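Structural features, examined
Next come the chains, spelled out residue by residue.
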Amino acid sequence: MTDKAKGELIFEGIAASAGIAYGQAFVVEQNELEIPIYRVDPAKRGHEIARFEQALLETRQQITKVQQEIARNLGDDEARIFDAHLLVLEDQALIEESIRELDKTGYNIEHAVQAVGQRYVDAFDQIDDEYLRERASDIRDVIRRVLHNLTGHSMVNLSGLVEGRILVTHDITPSESAAFDVSRVLGVVTDVGSKTSHAVIMSRSMKIPAVVGMRDLTSKLDQDDWIIVDGYDGIVIARPSEATLFRYGKIQLRRKSFEDKILSTARLPAETLDKHRITLLANIESADEATVAKEAGADGVGLFRTEFLFLSESGFPSEETQLAAYRQVAETFEDGPVVIRTLDLGGDKPSASSQVHLMPESNPFLGFRAIRYCLENPGVFREQLRAILRASAYGNVRLMYPMISGADELRRANLCLEEAKEELRDRGQSFDEEIQVGSMIEIPSAAMTSDILAGMCSFFSIGTNDLIQYLLAIDRLNERTAHLYEPTHPAVLRTIRSVVDAAHSQKIKVSVCGEMAGDPVYVPLLLGLGADDLSVAPGSLPAVKYLIQNMKLSDAIKLTGSAVKKTDPAKIFEEANQFYRDRIGSID
Ligand code: PEP
Ligand code: MG
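**Some details on the overall build of the chain**
- Along its length, the chain carries 25 helices and 16 strands.
- Evaluated residue by residue, the chain yields a buried proportion of 53% over its 588 residues.
- When the accessible surface of the chain is split by element, carbon and sulfur atoms take 52% of a total near 25700 Å².

Listed below in structure tokens is the structure:
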């Protein structure tokens, strides 16, 4: 029960999965597994290795079982998280180094596996890259499983969680979160983690409010403490006062009724009050997501990030496999546009688990990424181009290149496309001869030369995620500089305007597909700057559509006219935020 004497405590972390939960904490003690250490007679070396092999086999079977359960309950995409675990398990270097450690030290295999595993985890933990740091958690999870199998001790069993609690734990591995009985958990709070960690992705897909990155909260809470998890603002309040509870009760009601309100018009067109119809498209990462996007009210797909298709298979998908995925999306939307973007590997995209084995780079966002990789691997590129072209026979398919930096790259990409078309003609396979081909504008050099690029393609799509990071020199994943990543920076607004003007003067359309388009606060600015279409994550679609339905384009143009005269990004944000609030009413 609430220990009133201790009073209310507020902790700040990272908002990871939207929603508010209130309940008693189930604090998981992270019991370190006791690893025995003893000398092994060299004559028994074979026996130790056989035990190791048996543990690896059992671990593989367990992970595969969890993966199948997840696929059944949550779908294939979530299940693919475990591909990374299977890859760790198959890592020959890790296996061989454990055996070398056994030979070197003369101690038992558990001891060797733990020592080597820890060295790997430490090495990954130190890498200054969020994605790679999170791979440390995959390794930790797999090593823990192997050690449990070697010692015969069972893992933390979350399925024994008492009904209706909020799980508070140091870290939560995908295998552990797979043991969730959703109806039993009200919320999830972890000491470590970030928005892109596996546990967070799982919480989001299970619609469980989650806050992560709480540092040492597990040591500050008592078992059964009453807590509020605010997954909107990334706050955990322990032992809340009556006044706080009352306030949160009201927030929750308002959020819920706002969500109901925006969902009620999600199936209607995205038309402004002054009758301008905006094409609202979806960003998707798998073929199955097309259905989710359609249900969320999308007119089509503005960005199919195909790289995830390439990473989820043990090797690259064949032309036929790709065709099946692209065709599925095209057929889901019938006449609606479906923009398929060619491979964007590298940067933040988890190339480590693909067959590409890109070399580690000190600045991966400035490195061997996307179109740069494709132009140096024409076989892979043309195979994908053929699959996209063939899918164009089944719907309104368009093709788009990522990370174009200038005319030469666009010209070379188009040459590959012509070769791919020729190959299909030779094979007698049909495709849309008039297929529209677009260029992403996400590198400042492309923006600066957009007047030239506009003459070489049929549409632009502005990728604000990358464009902002390159324009402002702010790593889009670095938490320490996150506050400097400002979509309302005058440089961003001016660049978008000049790209739109260059496109319109050559009669081609401009879509915006970065996260900026999915945040309703920025939508009036983008429309006011002249963007023709917006492409957003399916989850953001209803909120963006609701705002469009409740604003006038003429007002957005006025807002933008005033914003571009301002010099302070915070002031521009304030003005845009006010515009948004005035049209949708208060939500918190
Ligand atoms: C972007 O950069 O804005 C974009 C949409 O591409 P991605 O996020 O896949 O790099
Ligand atoms: Mg990008």
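Back to the text.
**A look at the environment of Ile 371**
- Take Ile 371: it is sitting in helix α14 (residues 371-376).
- Residue Ile 371 is classed as buried on the basis of its relative accessible area of 0%.
- When the C-alpha positions of Ile 371 and Leu 343 are compared, they lie 7.3 Å apart, and in sequence the two are 28 residues distant.
- Excluding residues that lie within four positions of it along the chain, Ile 371 makes contacts with Leu 343, Phe 381, Tyr 401, Pro 402, Met 403, Ile 404, Glu 409 and Ala 413.

**Comments concerning the coordination of the magnesium ion (ligand 2)**
- For the magnesium ion (ligand 2), the protein coordination sphere consists of Glu 442 (OE) and Asp 466 (OD), at 2.0 to 2.1 Å. Of the two residues, Glu 442 sits in the loop between β13 (437-441) and α17 (444-448) while Asp 466 sits in helix α19 (residues 464-472), which places them 24 residues apart along the sequence.
- Residue classification places Glu 442 among the buried positions, given a relative accessible area of 2%.

**Some details on the packing of aromatic side chains**
- Within the structure shown, the criterion is met by seven aromatic pairs.
- On the basis of an interplanar angle of 40 degrees and a centroid distance of 5.3 Å, the ring pair of Tyr 22 and Trp 226 is categorised as tilted. You can see Tyr 22 sitting in strand β3 (residues 20-27) and its partner Trp 226 sitting in strand β7 (residues 226-230), a full 204 residues away along the chain.
- When its relative accessible area of 34% is taken as the criterion, Tyr 22 is described as partly exposed.
- Summarising the aromatic geometry, the rings of Phe 304 and Tyr 326 are spaced 5.9 Å apart at their centres and angled 90 degrees between planes, so their arrangement reads as edge-to-face. Of the two residues, Phe 304 sits in strand β10 (residues 301-305) while Tyr 326 sits in helix α13 (residues 319-333), which places them 22 residues apart along the sequence.

**So, the nonpolar core**
- Counting residues in hydrophobic clusters, the biggest one holds 106 residues, and the most contacted among them are Tyr 326, Phe 381, Tyr 401, Phe 460 and Leu 534.
- Ranked by residue count, the leading element in this core is helix α15 (residues 378-391), at seven residues.
- If we skip the residues at most four places from it in the chain, Tyr 326 touches Phe 304, Thr 306, Leu 309, Phe 310, Ile 340, Gln 384, Ala 387, Ile 388 and Ala 391.
- Phe 52, Val 66, Leu 86 and Val 116 belong to the second-largest nonpolar core, a separate cluster that totals 32 residues.

Reading the values: rules and limits
Residues numbered from 1 in each chain as written. Chains lettered and ligands numbered in written order. Predicted model: local features only at pLDDT ≥ 70, side-chain atom pairs only at ≥ 80, totals over all residues. Heavy atoms only, no water. Helix = DSSP H or I, 4+ residues; strand = E, 2+ residues; numbered from the N terminus. Buried < 20%, exposed > 50% of the residue type's maximum accessible area, 1.4 Å probe, protein only. Areas by Shrake-Rupley, 256 points an atom, 1.4 Å probe, with all protein chains shown as cover. Contact = heavy atoms within 4.5 Å. Donors = N, O, S within 2.8 Å, 3.2 Å for Na, K, Ca; no water. Phe/Tyr/Trp six-rings, centres within 6.5 Å; stacked < 30°, edge-to-face > 60°. Core = buried A, V, L, I, M, F, W, Y, C linked by side-chain atoms within 4.5 Å.

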